[in-house]
Amino acid sequence: MSEALLSVRNLSKSYGALKVTQDVSIDVAEGQIHAIIGPNGAGKTTLISQLSGQLRSNAGQVVYAGEDITRLDMAARVRRGLARSFQLTTLLPGFSALENVALAVQARAGSSFRFFRPAATETALNDEAMTHLASTGLADRASRMAGSLSHGEKRQLELAVALATRPRLLLLDEPLAGTGHDEAARLVDLFAALKSRVTMVLIEHDMDAVFALADKVSVLVYGQIVVTGTPADVRADPKVRAAYLGEEAA
Ligand SMILES: Nc1ncnc2c1ncn2[C@@H]1O[C@H](COP(=O)(O)OP(=O)(O)OP(=O)(O)O)[C@@H](O)[C@H]1O
């Protein structure tokens, strides 16, 4: 088996007697989009929080790029290139799109721009920020206040902010939530284009998007993975049809 970029083994999280995720094991190959789907309350967001380091797991192991990161906090994981995107609160509405991304570049770069003079530092930060705006289709929105962007553009900007951390693996938690048809289609195209640069774990309720984007799909039901496979395998699996897709179609 080729080495996975992310290897999750028997990961579990409980709140008292409530077992929210149980013995979750998945392998995410570099350069792939691995979707995690499942009914409401199945534990998807909890699992993403365990992978990002926002939640401590009760049991199990997370190995990323060959390193056991189970006990690392979120900041340490981000420094290693494992980042989570799509929490609207991370945007600063009163700052321009460019400033939002430049701040994220600065946060990542720390003192590495120190040898530049202040004006040159700003130019270097803005230059890098512009490349992230361009790769998320927002080059022409650079000077617009983040708060004045459309919902879909805000989601693109969140993606640009996440790219500023130079992730190798991005955790995407319902990136299409609340977007209209055209906005969703634009984001799907963006994720497809980014795949060659960044590996992604995707939680998403929009099944058209999941089946268009994902190389692998894992189905989580009551905190447990019931099947992992290609989109075609998962669509055809009777357990999935009963537990999830059937429910959607009903
Ligand atoms: N901090 C918490 N304390 C107690 N129970 C929690 C906590 N966080 C989540 N849960 C419970 O864990 C279960 C799974 O929640 P989670 O948000 O991970 O599911 P989900 O699959 O992401 O759902 P959705 O698709 O609706 O977003 C739910 O029953 C939820 O009520």
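What counts and what doesn't
- Residues numbered from 1 in each chain as written.
- Predicted model: local features only at pLDDT ≥ 70, side-chain atom pairs only at ≥ 80, totals over all residues.
- Heavy atoms only, no water.
- Helix = DSSP H or I, 4+ residues; strand = E, 2+ residues; numbered from the N terminus.
- Rg over C-alpha atoms; globule rule 2.2 N^0.38 Å.
- Contact = heavy atoms within 4.5 Å.
- Areas by Shrake-Rupley, 256 points an atom, 1.4 Å probe, with all protein chains shown as cover.
- Lys, Arg positive; Asp, Glu negative; His and termini not counted.
- Charge placed at Lys NZ, Arg CZ, Asp CG, Glu CD.
- Expected span 1.5 Å × (residues − 1).
- Buried < 20%, exposed > 50% of the residue type's maximum accessible area, 1.4 Å probe, protein only.
- Arc of directions from axis to C-beta.
- Pairing = 2+ DSSP bridges.
- Axes fitted to C-alpha atoms, helices over the stretch in contact; angles between N-to-C directions.
- Salt bridge = Lys/Arg side-chain N within 4 Å of Asp/Glu carboxyl O.

By the naming in an unreviewed UniProt entry, the protein chain is ABC transporter ATP-binding protein, taken from Paracoccus rhizosphaerae.

Quick notes on the overall build of the protein chain
Summing up its helical and strand segments, the protein chain has nine helices and 10 strands in all. Relative to the globule expectation of 18 Å for 250 residues, the C-alpha radius of gyration of the protein chain, 19 Å, shows essentially globular dimensions. Taken along its principal axes, the extent of the C-alpha atoms in the protein chain is 60 × 40 × 35 Å. Across the protein chain, every contact between residues at least 6 apart in sequence was considered, and the portion connecting residues at least 24 apart equals 66%. Put simply, the protein chain shows about 11,800 Å² of open surface, and 52% of that area lies on carbon and sulfur atoms. Taking the 26 positively charged and 27 negatively charged side chains of the protein chain as two groups, their mean positions are separated by 6 Å.

Comments concerning helix α6 (residues 181–194)
Helix length check: α6 (14 residues) gives 20 Å between terminal C-alpha atoms against 20 Å at 1.5 Å per residue, within 8%. Residues of α6 that are buried include every one of E183, A184, L187, V188, L190, F191 and L194, and no others. Projected onto a plane normal to the axis of α6, the buried residues spread over an arc of 160° and lie on a single side. Opposite the buried face of α6, at more than 90 degrees from it, the exposed residues are H181, D182, D189 and A193.

Quick notes on the sheet that holds strand β3 (residues 33–37)
Here six strands make up an open sheet; going across it, the order is β6-β7-β8-β3-β9-β10 and the pairing mixed. The open sheet terminates on both sides in strands that have one partner only, identified here as β6 (82–85) and β10 (224–229). Here the average twist between neighbouring strands, direction ignored, is 20°. Sheet analysis places β3 next to strand β9 (residues 216–221), joined by four bridges and oriented parallel. Note on β9: the bridge partner recorded for I36 is S218.

A closer look at the pattern of salt bridges
Enumeration according to the criterion identifies 11 salt bridges in this entry. With its nearest N and O atoms 3.0 Å apart, the salt bridge here joins R168 to E30. A residue pair is termed long-range when its members are at least 10 positions apart, and R168 in the loop between α5 (151–163) and β7 (169–173) and E30 in the loop between β2 (18–28) and β3 qualify at 138 residues. For R168, a relative accessible area of 37% puts it in the partly exposed group. What makes E30 partly exposed here is its relative accessible area of 45%. Its salt-bridge partner being D215, residue K195 comes within 3.1 Å of it at the nearest N-O pair. Here the residue K195 occupies a position in the loop between α6 and β8 (199–203), and D215 occupies one in the loop between α7 (207–213) and β9, the gap between them amounting to 20 residues. By sharing partners, the salt bridges in this structure join R108, E128 and R166 into a single network.

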